[in-house]
Amino acid sequence: MSEEYKLLIGGKWVDGEGKIEVKNKYNNQKIGTVPLTDRKLYEKAIESAQDGFHLLSKLPSYKRSEILEKASSLIEKNQENLTKIIAQEAGKPVKFSLAEVKRAVQTFKFASEQAKQIHGETVPMDAALGGEKRIGFFMRFPVGVIGAISPFNFPLNLVAHKLAPAIACGNSVVLKPATLTPLTALKLGELLLEAGLSEGALNIIVGPGSTVGNWLVTDQRIQMITFTGSPPVGKEIKQKSGLKKVTLELGNNSPCIIDKSCVLNLTISRCVVGSFAYSGQVCISIQRIYVHKDIFDKFASDFLEKTKNLKIGDPQDENTDIGPMITEGEAMRAEEWVEEAVKDGAKILIGGERVGSVYYPTVLTDVKPEMKVVRLEIFAPVVSLISFDDFSDAVRMADDSIYGLQAGIFTKDINKAFEAVKGIKVGGVIINDIPTYRADQMPYGGVKESGIGREGLKYAIEEMTDIKMVVINLPE
Ligand code: NAP
């Protein structure tokens, strides 16, 4: 059944002239229509966010905390409906959709706790010549109106990672979710209004990144852009955003190193999840697995066995492991990259097939560092197995990337673990688990082409506030 959605502007649900159809990504049926934001609606959203900022930034932190706590409970209460919308609009298997909803419950809960912990610190002014009679401290203030632009792959929890910290520190937001998956964000907007969020503090507009997204990025009335999405769009945003604050959460081609001392069974099960969950459309999906040569054959045969057992089908079926990719075009792109690699000498151990928008879990070997499947972010269920002899070589190969989001190391040897921590330039190293691991309170973000800034409530709040220094001169 298809539902008519509206945009959220100034605390009201607003219709527009153009319409965008949102489809179920598995069967292509229409599940909703959303108004397309035109310039007039956009202007209203910005004006409303400016008003919303004045309201929200004046609320005491315990009230902002209460709103966030209530939002967390409402997400939990609406778990079933939100799970269904994610599974349909993102084509995400229902078990992963449910996990996303449960994480969003926590994200808002962490934000409600952090809202009460925003503070500055004192500065020892007498450390400077002439500072003997001065007292100094800084405070944190919300930046103002934030433009939030989110991707398709976590339409609830990645929106939560922008809205929850923004509200916690008193900023208003104009959110533009991905055009392919805007429905979950609009449902979340409903819940935030029900939780008591001030009118205009959250405005949700929908339309193509190249127009509506670009309006946000280039608008002087917006003080900060928080963006999650692909590296090319991230670079464009940085170039066009002028002097605004910008946080960019971008892509990766995550490496995972398997030392011969690891607990093999557990390692293989986790690597299968990390490579293929949500068809590899996760920014920290495993793309490169470096396996010690002594255990390579055993690792490869057990990995293939477990991959064979993954159930492909309708995301709404509880047993489904692999659903469709977000579009058929994306599945075709993955297919092309694999075919190109095979032409250049790679071997397909399993997979390499496509049926419409479903790309089968694919394991490659005999890959070369310059192949796209290794060098770029494939964002599809494709992983390469690469053998190594010397652990230091594996660290060097894992680090050999234009990206730097997270890496995983499986080893019982603490020295090797720390060699990897020191040697791989990334935002996070996960020891004895996959690079795909993320908890919502931890600092999360990348270096190099994986982005700038950190999310994770406390750290996002630091990005979303400005420091104001106060110096008091004590006269004689
Ligand atoms: P995308 O194509 O970059 O789109 C992300 C968002 O940006 C969408 O809302 C999109 O709008 C908008 N957009 C596109 N062009 C724009 C422009 N010129 N100006 C302003 N906004 C623009 O990314 P995606 O395909 O949705 O998501 C996949 C990517 O996100 C992958 O690279 C993945 O690694 C990355 N990601 C990173 C993280 C992280 O935390 N580091 C988490 C999840 C995903 P439209 O929908 O209208 O195109």
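Draft legend 1. Looking closely at the site of the ligand. Neighbouring the ligand are 30 residues, the closest being Ser150, Thr179, Ser230, Leu250 and Glu377. Between the ligand and the protein, one listed contact pairs a nitrogen atom with a side-chain N or O atom of Glu236 at 3.2 Å. Measuring from a nitrogen atom of the ligand, one finds a backbone N or O atom of Leu250 at 2.7 Å. Isolated, the ligand exposes 910 Å² of accessible area, and the fraction of that covered by the protein chains is 86%. Only helix H7 (209-218), strand E11 (224-228) and helix H8 (231-240) provide two or more residues apiece to the shell around the ligand. Here the residues of the shell around the ligand sort into 15 nonpolar, eleven polar and four charged. Two domains each donate at least three residues to the shell around the ligand, and these are domain 1 (3-250 + 450-470) and domain 2 (254-440).

Draft legend 2. Layout of helix H10 (residues 296-308). Between its terminal C-alpha atoms H10 stretches 18 Å, which fits the 18 Å expected from 13 residues at 1.5 Å a residue. What H10 keeps buried is the set Phe296, Phe299, Ala300, Asp302, Phe303, Leu304 and Thr307. Of the surrounding elements, those touching the buried residues of H10 are strand E13 (254-258), helix H9 (264-276), strand E14 (286-292), strand E15 (347-350), strand E18 (362-365) and strand E19 (382-388).

Draft legend 3. The arrangement of the domain arrangement of the chain in detail. In terms of domain boundaries, the chain breaks down into domain 1 (3-250 + 450-470) and domain 2 (254-440). The centre of domain 1, based on its C-alpha atoms, is set 31 Å off from the matching centre of domain 2. On the domain 2 side, the residues contacting the 32 residues of domain 1 number 28 residues. In total, about 2,400 Å² of surface goes out of reach between domain 1 and domain 2, with carbon and sulfur atoms giving 60% of it. Looking only at domain 1, the three residues that lose the most surface to domain 2 are Tyr26, Phe152 and Ser450, adding up to 23% of its buried area. Inspection of the domain 1/domain 2 interface yields two salt bridges.

Conventions and cut-offs
Residues numbered from 1 in each chain as written. Predicted model: local features only at pLDDT ≥ 70, side-chain atom pairs only at ≥ 80, totals over all residues. Heavy atoms only, no water. Near = heavy atom within 4 Å. Polar contact = N/O pair within 3.5 Å; in protein donor to acceptor, adjacent residues only side chain to side chain. Areas by Shrake-Rupley, 256 points an atom, 1.4 Å probe, with all protein chains shown as cover. Helix = DSSP H or I, 4+ residues; strand = E, 2+ residues; numbered from the N terminus. Nonpolar A, V, L, I, M, F, W, Y, C, P; charged D, E, K, R; others polar. Domains from an automatic or database assignment. Expected span 1.5 Å × (residues − 1). Buried < 20%, exposed > 50% of the residue type's maximum accessible area, 1.4 Å probe, protein only. Contact = heavy atoms within 4.5 Å. Buried area = accessible area lost by both parts, 1.4 Å probe. Salt bridge = Lys/Arg side-chain N within 4 Å of Asp/Glu carboxyl O.

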